[in-house]
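# Analysis of the macromolecular model
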Amino acid sequence: MASFPSHFAWGVATASYQIEGAVNEDGRGESIWDRFCRVPGAIANGATGDIACDHYHRWRDDLRLLSELGVNAYRFSVAWPRILPEGTGTVNSAGLDFYDRLVDALLEADITPWVTLYHWDLPQALEDRGGWPNRATAEAFAAYADLVARRLGDRVRHWITLNEPSCSSLLGYFWGIHAPGRRSLRDALRAAHTLLLGHGLAVAALRASVSAAQIGIAQLVIPAYPASDRSADLAAAHRFDGVHNRWFLDPIFGRDYPGDMRAWYRHDVPLVPPSDFDRIAAPLDFLGVNHYFPVYVADDPTEPLLRLRQVVPPGAELTALGWIVQPAAFFDVLLRLQREYAPAALVVTENGAAYADPPPQAGRVSDPARVRYLAQYLAEAARAVATGLPLRGYFVWTLMDNFEWNLGYSKRFGLYYTDYPTQARIPKDSSFYYQAVVRTGRVLSPEEWQPPRG
Ligand code: FCB
């Protein structure tokens, strides 16, 4: 049985748009997701985040779930359009008050708040002015970060600037499957640059007003293995890694954009002042790692822009999203990040899985596949600790089933089952499993662990 250090951060993660609902309350402005959800066909079953988990009203009950789990950390995001309905300018104090109360209640419950400043809900007003591809959005983000830091920074020490800038830029502006739904490589690369610059400026703003701040960024890391040992497939896997991982990690850790990818993207790469890279590389206290799955990549000459495609190896185990379950890849990610980028510390800011959970029975949901997933991935986290990697925390994605972006409510990732019609939260067996891990600081094997009887 593998064990973790005693000061390890054990947590769960959520994001504002995925859980809060109350999109028109207390002065909140419109976000790009409110708008995108209105695009016919954009979201599975035409779902929206209008109500989501109604967390904006039920947050006290949700904090009780955190106490039930026994976690010592909670990662949540602040909705920018609640604080600045127009993106810049007039401050909506009711928005700040909401997070202020949440932080106080967490501290009272002995749970350390980890605040993400941006988890994808850009104010629509800023998208109307060009969105992330517009360089001015970086300054707007820094001003917003400064505002939140001034209000919460006396109590919140742990900050994450951006969640997955690769998704915000690529899914939002290149593939168009996330808000705001644009399809342009040029826009996506501009968006990526503004996001990274905004991150660097926000780090500076946080340092200026939060003493002893612990600051990081949550980067999605997708290890890419070649589909075969053909050299074209090796190159395609390296290219995938360039698109999704290196393009972001390299500048965050003080390098230029990777040269092979600059050459690949050519004139779509924005021309920017070299000094931007100094700002982007603001020193961090930890690298947040969101990890779910690896990919296998083949060269594909028919694919015009990236010339690659993902393949699923025969016999691969998959989650309900078709994501490959391969726990050892998780260890590889942590090891690689330490070797190649040497962050001051690593924190797993998201890890988890969607499965087709059965409906609750007698107030419980049986989810053995998720228990197994967590057990296997936690064992790899423990291996990372045992290997001497500076892993300081682990957050399960996610507390309760919620609005899974373009997939709406069709996929469930929670430790608690959300019964949307009644908004009841019903414990899954995985919640009891995670509770046991947190309590003991040990990864229990699913075989030796029994769900408590109801
Ligand atoms: C991550 C996102 C998170 C959630 C999980 C499943 O990429 O950060 O909001 O959607 O995937």
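Quick look at the structure, then. (Residues numbered from 1 in each chain as written. Predicted model: local features only at pLDDT ≥ 70, side-chain atom pairs only at ≥ 80, totals over all residues. Heavy atoms only, no water.)

## As for the overall build of the chain
Rules: Counting from the N terminus, the helices are the DSSP runs of H or I reaching at least four residues and the strands are the DSSP runs of E reaching at least two. Each residue's exposure class comes from its accessible area (1.4 Å probe, protein chains only) as a fraction of the maximum for that residue type: buried when under 20%, exposed when over 50%, partly exposed otherwise. We call two residues in contact when some of their heavy atoms are within 4.5 Å. All accessible areas in this document rest on Shrake-Rupley with a 1.4 Å probe, and a residue is counted as covered only by the protein chains that are shown. Counted as positive: Lys and Arg. Counted as negative: Asp and Glu. His and the chain ends are not counted at all. All charge positions are set by atom: Lys at NZ, Arg at CZ, Asp at CG, Glu at CD.
A count of helical and extended segments in the chain gives 15 helices and 13 strands. Counting only C-alpha atoms and orienting by the principal axes, one finds that the chain spans roughly 60 × 55 × 45 Å. The burial tally for the chain puts 62% of its 454 residues in the buried class. For the chain, the proportion of contacts with a sequence separation of at least 24, taken over those separated by at least 6, is 77%. Put simply, the chain shows about 16700 Å² of open surface, and 52% of that area lies on carbon and sulfur atoms. With 43 positive and 50 negative side-chain charges, the chain shows a separation of 2 Å between the mean positions of the two kinds.

## Here's the deal with helix H3 (residues 55–69)
Just so we agree on the cut-off: To estimate the expected span of a helix, subtract one from its residue number and multiply by 1.5 Å.
Between its first and last C-alpha atoms H3 spans 18 Å; for 15 residues at 1.5 Å apiece the expected length is 21 Å, and the helix comes up short by more than 12%. Here H3 has its buried residues at His55, Tyr56, Trp59, Asp62, Leu63, Leu65, Leu66 and Leu69. Directly beyond the C-terminal end of H3, a positive phi value near 85° is found at Gly70.

## A short note on the site of the ligand
Filter applied, for reference: Residues are counted as near a molecule or strand when any one of their heavy atoms sits within 4 Å of it. What qualifies as a polar contact is a pair of N or O atoms within 3.5 Å, subject to a donor-acceptor requirement within protein and to the restriction that residues adjacent in sequence count only when both atoms come from side chains. Each residue is assigned to one class: nonpolar for Ala, Val, Leu, Ile, Met, Phe, Trp, Tyr, Cys and Pro, charged for Asp, Glu, Lys and Arg, and polar for all the others, Gly among them.
Every residue lining the ligand is accounted for by Gln18, His119, Trp120, Asn163, Glu164, Tyr292, Glu350, Trp397, Glu404, Trp405 and Phe413. The separation between an oxygen atom of the ligand and a polar side-chain atom of Gln18 is 2.8 Å. Within the contact set of the ligand, an oxygen atom lies 2.9 Å away from a side-chain nitrogen or oxygen of Asn163. In isolation the ligand has 290 Å² of accessible area, and contact with the protein removes 96% of it. The residue makeup of the shell around the ligand, split by class, is 5 nonpolar, 3 polar and 3 charged.

## As for the environment of His178
Among the structural elements, His178 can be located in the loop between helix H8 (165–174) and helix H9 (185–209). Considering only alpha carbons, one finds His178 and Ser168, 10 residues apart in sequence, at a separation of 7.7 Å. Sequence-distant contacts of His178, that is, excluding residues within four places in its chain, are made with Trp33, Phe36, Trp120, Leu171, Gly172, Trp405 and Asn406.

## Considering the pattern of salt bridges
Condition: Only one rule defines a salt bridge in this text: a Lys or Arg side-chain nitrogen within 4 Å of an Asp or Glu carboxyl oxygen.
As enumerated under the stated definition, the model contains 37 salt bridges in all. A salt bridge links Arg155 to Asp104; the shortest N-O distance between them is 2.9 Å. In this pair, Arg155 sits in the loop between helix H7 (136–152) and strand S4 (158–163) while Asp104 sits in helix H5 (residues 93–108), placing the two residues 51 residues apart along the sequence. Its relative accessible area of 21% is what places Arg155 among the partly exposed residues. Classification of Asp104 as partly exposed rests on a relative accessible area of 34%. Residue Arg182 is joined to Asp187 by a salt bridge in which the shortest nitrogen-to-oxygen separation is 3.0 Å. According to the relative accessible area criterion, Asp187 is buried, its value standing at 18%.

## Looking at the state of the cysteines
In plain terms, the rule: In what follows, a disulfide is any cysteine sulfur pair within 2.5 Å.
Considering all chains together, one arrives at 0 disulfides under this definition. Of all cysteine sulfurs in the structure, the one in Cys53 sits closest to Cys37, which takes part in no disulfide; the separation is 14 Å. The cysteine Cys167 is free of any disulfide, with Cys37 supplying the nearest cysteine sulfur at 16 Å. Accessibility expressed as a relative area gives 9% for Cys167, which makes it buried.

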